[in-house]
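# Observations on the three-dimensional arrangement
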Amino acid sequence: MLKLMKLEIKKFKFGGTIKGVIIANLIMLFILFMSLLQSKTTHDIALRTYTDVFLTTGILVRATFSIFAAVLISKLIIDEYKNKTINILFTYPINRVKLMVAKLTIVLIFSFVAMIISNFFLDSSMFILNVFVNFIHDPFKIYTLVKSLTNILIYSISFSFINLIPVYIGMIKKSSSATIVSSIILVTLLNNGNSQNSLSSITIIPIILALIGIVAAYLSIKDVEKSDVTNC
């Protein structure tokens, strides 16, 4: 499995994806910084506490990398079906299910690691920025940090599996557009509203959707051994 994952990563040249992650983080940091400047100008401070900051960065990160994951799914799986290059892979003496699981595992690991690192980067940057700008007057509490770290871990795991839901839609339609659009719709529904009243803030909902993501991934690949290569 690990060897298959390494071959897939080498095949699709993930250097560009890593650059995309870095650029996305810089853009998110810029958005947060501009929001702070606007808030200080209008005297309407949306990020009043560290809890507000952590919730806002969490939503930004989850939304960004859910769409990133959909693009990655399209690149690793859907485009291979569209371009018929999956036919070549299926002629090799490799278990098809294992190959597809390797591809999905790459998406899972990418989503999880990207969200963890991005949350840490943005939260740390906002903490350092506050030292100079002082937009948060409430003292930093260990309880807030522990709660934030717990949320980051829970949401990163759950959204990594939620990001697999578009696989099923993409496989049915054999369409990259359908994969990405379904991801955007899912992200919009989960993060509609403010950071404390969105659907994603109700912990049980991301957990249920994560289970649905696992089922969707299973349904997407369960018949891959039986499918006719020429009809892929």
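Here, the structure is the one placed above.
Quick look at the structure, then. (Residues numbered from 1 in each chain as written. Predicted model: local features only at pLDDT ≥ 70, side-chain atom pairs only at ≥ 80, totals over all residues. Heavy atoms only, no water.)

## Some details on the nonpolar core
Rules: Here, the term nonpolar core denotes a set of buried Ala, Val, Leu, Ile, Met, Phe, Trp, Tyr and Cys residues that are joined through side-chain atoms within 4.5 Å. Residue exposure (1.4 Å probe, protein chains only): buried if accessible area is under 20% of the type maximum, exposed if over 50%, otherwise partly exposed. Labels follow the DSSP assignment, with helices taken as runs of H or I lasting at least four residues and strands as runs of E lasting at least two, numbered in each case from the N terminus. A contact between two residues is defined here by any heavy atoms of the two lying within 4.5 Å.
Counting residues in hydrophobic clusters, the biggest one holds 50 residues, and the most contacted among them are Phe65, Leu76, Ile77 and Ile162. Secondary structure elements with two or more residues in this core: helix 1 (2-11), helix 2 (15-42), helix 3 (50-82), helix 5 (96-133), helix 6 (142-162), helix 7 (165-173), helix 8 (176-191) and helix 9 (204-221). In terms of residues, this core owes the most to one element, helix 5, which gives 13 residues. For Ile162, the residues in contact, after removing those within four places along its chain, are Leu186, Leu190, Pro206, Leu209 and Ala210.

## Details of helix 6
To be explicit about the condition: Here, expected helix span is obtained from the residue count minus one, scaled by 1.5 Å.
Compared with an ideal rise of 1.5 Å per residue, which puts 21 residues at 30 Å, helix 6 spans 30 Å between its outermost C-alpha atoms and is within 8% of the ideal. For helix 6, the set of buried residues is Thr144, Ser148, Ile152, Tyr155, Ser156, Ser158, Phe159, Ser160 and Ile162. Those residues of helix 6 that are buried are in contact with helix 3, helix 5, helix 7, helix 8 and helix 9.

## Things to note about the layout of surface pockets
Rule in force here: Think of a 1 Å grid over just the protein atoms. A cavity is a set of points where a 1.4 Å probe fits yet cannot get out, a pocket is an open set with protein on both sides within 12 Å along at least five of seven lines, and lining residues have an atom within 4 Å of a point. Grid points are joined across faces, edges and corners, and a volume is the space filled by probe spheres set on the points. Under the scheme applied, nonpolar residues are Ala, Val, Leu, Ile, Met, Phe, Trp, Tyr, Cys and Pro; charged residues are Asp, Glu, Lys and Arg; polar residues are all the others, including Gly.
The calculated volume of the largest pocket comes to roughly 390 Å³. Surrounding the largest pocket, 23 residues form its lining, Thr51, Phe54, Leu55, Asn151 and Tyr155 being those nearest its centre. Mapped onto the lining of the largest pocket, the elements with two or more residues apiece are helix 3, helix 5 and helix 6. It is helix 6 that provides the largest number of residues to the lining of the largest pocket, a total of eight residues. A class-by-class count of the residues in the lining of the largest pocket yields seven nonpolar, 13 polar and three charged. Reported here for the second largest pocket is a volume of approximately 320 Å³. Taken together, 16 residues form the lining of the second largest pocket, with Ile18, Val21, Phe110, Val113 and Ala114 sitting closest to its centre. Broken down by element, the residue count for the lining of the second largest pocket peaks at eight residues, all from helix 5. Per-class residue counts for the lining of the second largest pocket are 14 nonpolar, two polar and no charged.

## Things to note about the environment of Thr17
With respect to the helices and strands, Thr17 occurs in helix 2. Between the alpha carbons of Thr17 and Phe110 there is a distance of 9.7 Å; along the sequence they are 93 residues apart. Once residues within four sequence positions are removed from consideration, Thr17 is found in contact with Phe68, Lys75 and Phe110.

## Thoughts on the packing of aromatic side chains
Our working rule: Between 30 and 60 degrees the pair is tilted, below 30 it is stacked and above 60 it is edge-to-face, where a pair is any two Phe, Tyr or Trp rings, Trp via its six-membered ring, whose centres lie within 6.5 Å.
Counted by the stated rule, this structure contains six aromatic pairs. Here the aromatic rings of Phe65 and Phe68 are separated by 5.2 Å at their centres, their planes lie at 45°, and the arrangement is tilted. Here Phe65 and its partner Phe68 are both found in helix 3, three residues apart, which amounts to about one turn of the helix. What makes Phe65 buried here is its relative accessible area of 0%. For Phe68, a relative accessible area of 22% gives the class partly exposed. Taken together, a centroid distance of 6.3 Å and an interplanar angle of 50° make the contact between Tyr155 and Phe159 tilted. On the criterion of helical spacing, the pair formed by Tyr155 and Phe159 is a turn pair, its members being four residues apart in helix 6. Judged by relative accessible area, Phe159 falls into the buried class, the value being 1%.

## A look at unusual backbone geometry
With phi around 50°, Lys174 is a residue other than glycine that occupies positive phi space. With respect to the helices, strands and loops of the structure, Lys174 is situated in the loop between helix 7 and helix 8. By relative accessible area, Lys174 is classed as partly exposed at 33%.

## Section: the packing of helix 6 against helix 9
Worth spelling out the cut-off: Interaxial angle, 0 to 180 degrees, is taken between N-to-C directions of lines fitted to C-alpha atoms, where a helix line uses only the stretch in contact. Small angles under 35 degrees read as roughly parallel and large ones over 145 as roughly antiparallel, with 65 to 115 read as roughly perpendicular and the rest as oblique. Note on convention: the crossing is left-handed when the near helix lies turned anticlockwise from the far helix by less than a right angle, right-handed when the turn is clockwise.
With their axes 7 Å apart at the nearest point, helix 6 and helix 9 run at an angle of 40° to one another. Here helix 6 lies oblique to helix 9, going by the angle between them. Like other packed secondary-structure pairs, helix 6 and helix 9 cross with a definite hand, here left-handed. The segment helix 6 lies against helix 9, with Tyr155, Ser158, Phe159, Phe161 and Ile162 engaging Pro206, Leu209, Ala210, Gly213 and Ile214. Of the residues contributing to the contact of helix 6 with helix 9, the split by class is eight nonpolar, two polar and no charged.

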